[in-house]
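Notes for the structure review
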Amino acid sequence: MIRPRWRGSRHAPSLIRHSSSHGYFSGSLEKINASVNALVSTASVLPPKRTGLPLSDFTVAIKDNICTSNMPTTCSSAMLQEFTPPFDATVVQLLQDNGARIIGKTNCDEFGMGSLNVHSLHGPVVNPHAPPGSPSRWAKRERRSAGGSSGGSAAAVAAKMCTAALATDTGGSIRLPASYCGVVGFKPSYGLISRWGVISYADSLDCVGIMARTVHRAEKMFDTLSVYDARDSTAAKPETRERVSVLYNMMQQWRASFLPGIRIGIPQEYFPSELQPEILQPFYHTLSYLQANGAELIPVSLPSTPYALSAYYVISSAEASSNMARYDGIQYGLNASPPEGTDTTKTANVYAHSRSRGFGKEVQKRILLGTHALSADAFDNYFLQAQRVRKLVRADFDRVFRTPNVLNYEDGMEPPATGPDRVHVLLHPSAIRTAPPLPRPDSPAQEQNDELSAYVQDVLTVPASLAGLPALSVPGRLAEDGWPVGITVVGQWGCDKMVLNVGKMCELAVQ
């Protein structure tokens with residue numbers, strides 16, 4: 001029987017689990033992690049460096065919902081607390097085959113459900129960024145969120161605990177932490193990187209992506225991981241990838257990084273009332289730099305954007321309720337003994353105690369929401385309506401991009417569109433604010449559970465997720481409060497290299 005380590009609180013301090021207290025994992029790494037809480041387990045021994053391979057110089061941390069055979073994969077949940085997979089995920093195997101050294105697993109919101117990385121068995125992740133004038137001692141610094149759900153991956157990269165990190169993005173779980181922590185976060189086109197060996201949250205939305213300190217490093221990781229995997233039923237087929245290559249041959253200017261001739265769309269719906277004013281100055285600075293170097297800025301409209309957030313939470317919760325059904329304490333996950341006197345002849349009684357004990361409050365909430373959305377009475381009004389909104393969001397993007405969507409063409413390829421309102425990429429702020437403060441342990445319950453504001457954090461990131469498009473968050477200049485601001489580049493499906501090239505130019509705006 002598997003029993004959870006933390007009975008009293010789901011936000012108990014994290015313990016790094018490894019079998020060696022010497023070498024790479026001793027000293028500064030653990031000292032930093034004691035304050036950041038980015039790593040939840042580490043490899044017992046760092047493999048020797050292998051030269052001559054594409055990622056020989058990379059040390060990589062892996063999000064705790066991606067399977068690793070030599071370390072536990074818990075999804076930051078009591079339900080899987082003692083689970084060590086018998087295999088490596090495809091992305092982990094590819095990293096190792098290309099010379100990367102895996103240092104450990106990173107903290108995350110439970111099963112990837114959250115925007116602030118506070119819903120974790122291992123406790124919240126603390127943003128390692130130090131604004132100008134901050135005290136040198138961690139204990140005296142302002143404690144802010146690293147973002148979620150991939151906060152541990154972003155914090156590990158920002159704190160220089162590793163070269164890069166793997167993460168997953170369902171509705172912004174890479175781009176939001178990247179913005180808060182001041183690192184590069186890349187969500188590729190849906191289906192380009194294998195999801196085999198990734199524990200599912202919402203299958204039609206989940207993407208494996210990359211955190212790094214520069215776009216160049218993220219691109220090297222992407223080049224290694226973007227290969228077809230027949231074991232992943234959602235992977236883009238080889239013929240689809242070939243059509244993307246044909247498209248690049250039709251748009252040869254995107255083989256290099258330069259700005260003259262590029263048309264950048266600024267979506268007017270991405271400046272909602274919730275957007276804090278201090279976000280705008282770094283964003284405008286980046287726009288000015290790009291325009292001064294030859295880019296053409298075009299205002300565009302994506303009218304379905306205001307409905308995207310609601311549709312996302314219906315779809316993701318519905319898919320989550322289905323995926324979480326397997327954790328019943330009998331086939332998978334924590335098995336909690338029912339209290340004495342329970343009628344165990346009813347399977348629901350056995351399941352209920354294990355699931356109530358193993359799942360945290362946020363996961364339980366989304367299971368209930370998703371189950372309701374899929375019920376006979378609500379299916380048409382919620383789930384089907386959300387899918388209709390998703391289709392409209394995709395159509396909005398296809399309407400403004402010059403590049404055709406290769407997923408819409410089984411045979412052949414349309415030439416790039418040349419209308420006056422068509423653009424190559426979109427640019428918008430990554431988040432509506434800088435990193436929010438973490439609630440203090442002694443703060444009122446209302447402050448610790450400001451749920452609405454947490455859900456609104458994803459408002460600028462979910463449209464690209466619903467459409468399955470590549471999106472890259474690049475650090476801009478610091479806001480007035482000294483905390484990072486992210487700038488997001490979004491491109492058409494398959495135009496990941498185009499997005500990365502524009503991201504490199506956005507980096508230069510800060511330098």
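Note that the structure is a prediction, hence the values are computed from the model and not measured.

Parameters at a glance
Residues numbered from 1 in each chain as written. Predicted model: local features only at pLDDT ≥ 70, side-chain atom pairs only at ≥ 80, totals over all residues. Heavy atoms only, no water. Helix = DSSP H or I, 4+ residues; strand = E, 2+ residues; numbered from the N terminus. Buried < 20%, exposed > 50% of the residue type's maximum accessible area, 1.4 Å probe, protein only. Contact = heavy atoms within 4.5 Å. Areas by Shrake-Rupley, 256 points an atom, 1.4 Å probe, with all protein chains shown as cover. Phe/Tyr/Trp six-rings, centres within 6.5 Å; stacked < 30°, edge-to-face > 60°. Lys NZ or Arg CZ within 6 Å of the ring centre and 35° of its normal. Axes fitted to C-alpha atoms, helices over the stretch in contact; angles between N-to-C directions. Parallel < 35°, antiparallel > 145°, perpendicular 65-115°, else oblique. Left-handed = near helix turned anticlockwise from the far one by under 90°. Nonpolar A, V, L, I, M, F, W, Y, C, P; charged D, E, K, R; others polar. Core = buried A, V, L, I, M, F, W, Y, C linked by side-chain atoms within 4.5 Å. pLDDT = per-residue confidence, 0-100. Salt bridge = Lys/Arg side-chain N within 4 Å of Asp/Glu carboxyl O. Pairing = 2+ DSSP bridges. Expected span 1.5 Å × (residues − 1).

Side note on the overall build of the protein
If you tally the helices and strands in the protein, you get 15 helices and eleven strands. Counting across all 511 residues of the protein, residues that qualify as buried make up 58%. If you take every contact in the protein between residues at least 6 apart in sequence, the share linking residues at least 24 apart comes to 78%. About 20500 Å² of surface is accessible on the protein, with carbon and sulfur atoms providing 53% of the total.

Details of the packing of aromatic side chains
Enumeration over the complete set of coordinates arrives at eleven aromatic pairs. Relative to Trp196, the ring of Phe87 has its centre 5.1 Å away and its plane inclined at 40°; by these criteria the two rings are tilted. Of this pair, Phe87 sits in the loop between β2 (59-63) and α2 (90-97) while Trp196 sits in the loop between β5 (184-187) and β6 (207-212), and the two are 109 residues apart along the sequence. With relative accessibility at 26%, the residue Trp196 sits in the partly exposed group. Ring centres of Tyr312 and Tyr313 lie 4.9 Å apart, and the angle between their planes is 70°; on these two criteria the pair is classed as edge-to-face. Looking at Tyr312, the relative accessible area reads 3%, which means it is buried. On the basis of relative accessible area, Tyr313 is assigned to the buried category, the value being 11%. The structure contains a cluster of three or more aromatic residues connected by ring pairs, namely Phe111, Tyr327 and Phe359. A cation sits over an aromatic face here: Arg231 above Trp196, 3.8 Å from the ring centre.

Some details on the packing of helix α7 (residues 280-292) against helix α15 (residues 496-510)
Between two packed helices, both the angle of their axes relative to each other and the distance between the axes serve to describe the pair. Relative to each other, α7 and α15 sit at 110°, their axes nearing to 9 Å. For the element pair α7 / α15, the angle class is roughly perpendicular. The way α7 lies across α15 gives a crossing that is right-handed. Contacts from His285, Thr286, Tyr289 and Leu290 of α7 reach α15 at Met505, Cys506, Leu508 and Ala509. Among the residues making up the contact of α7 with α15, the classes are represented as six nonpolar, two polar and no charged.

With respect to the nonpolar core
By size, the foremost hydrophobic cluster in this structure holds 110 residues, and its most contacted members are Leu95, Phe111, Leu166, Phe397 and Leu427. Setting aside residues up to four positions removed in sequence, Leu95 forms contacts with Leu55, Val60, Ile62, Ala100, Ile102, Leu166, Met221 and Leu225. By size, the runner-up hydrophobic cluster in this structure holds 23 residues, among which are Leu39, Ile103, Ala146 and Met211.

Structural notes on the confidence of the model for the protein
For the protein, per-residue confidence averages 90 on the pLDDT scale, and residues scoring 70 or more make up 88% of the total. Across residues 18-24, where pLDDT falls below 50, the model places 13 contacts with residues more than four positions away in sequence or in other chains.

Looking at the pattern of salt bridges
Applying the stated rule across the entire model yields 14 salt bridges. Its salt-bridge partner being Arg144, residue Asp481 comes within 3.4 Å of it at the nearest N-O pair. With Asp481 in the loop between β10 (471-475) and β11 (486-491) and Arg144 in the loop between β3 (101-106) and α3 (151-158), this pair connects stretches of sequence that are 337 residues apart. Take Asp481: its relative accessible area is 30%, and that puts it in the partly exposed class. Here Arg144 falls in the buried class, since its relative accessible area comes to 7%. Salt-bridge contacts for Glu219 lead to Lys504; the nearest nitrogen and oxygen are separated by 2.6 Å.

Observations concerning the sheet that holds strand β7 (residues 263-267)
Across the sheet, which stays open at both edges, the eleven strands sit in the order β1-β3-β2-β4-β6-β5-β10-β11-β9-β7-β8 with mixed pairing between neighbours. The open sheet has two edge strands, β1 (39-42) and β8 (296-300), and neither has a second partner. If you compare each strand with its neighbour and ignore which way they point, the axes differ by 25° on average. By the bridge criterion, five bridges tie strand β9 (residues 425-429) to β11 in an arrangement that is antiparallel. When the bridges of β11 are listed, Leu427 appears paired with Val489. Packed on one face of the sheet, α3 meets β2, β3, β4 (164-169) and β6 and runs near 160° to β4. Here α7 sits on the sheet in contact with β7, β8, β9 and β11, set at roughly 150° to β9.

Re α15
Helix length check: α15, at 15 residues, gives a terminal C-alpha distance of 22 Å against a target of 21 Å (1.5 Å per residue), a fit within 8%. For α15, a buried count of eleven out of 15 residues is recorded, marking the element as mostly surrounded by other parts of the structure. Looking at α15, one finds that the buried residues are Asp496, Met498, Val499, Leu500, Asn501, Val502, Gly503, Met505, Cys506, Glu507 and Ala509.

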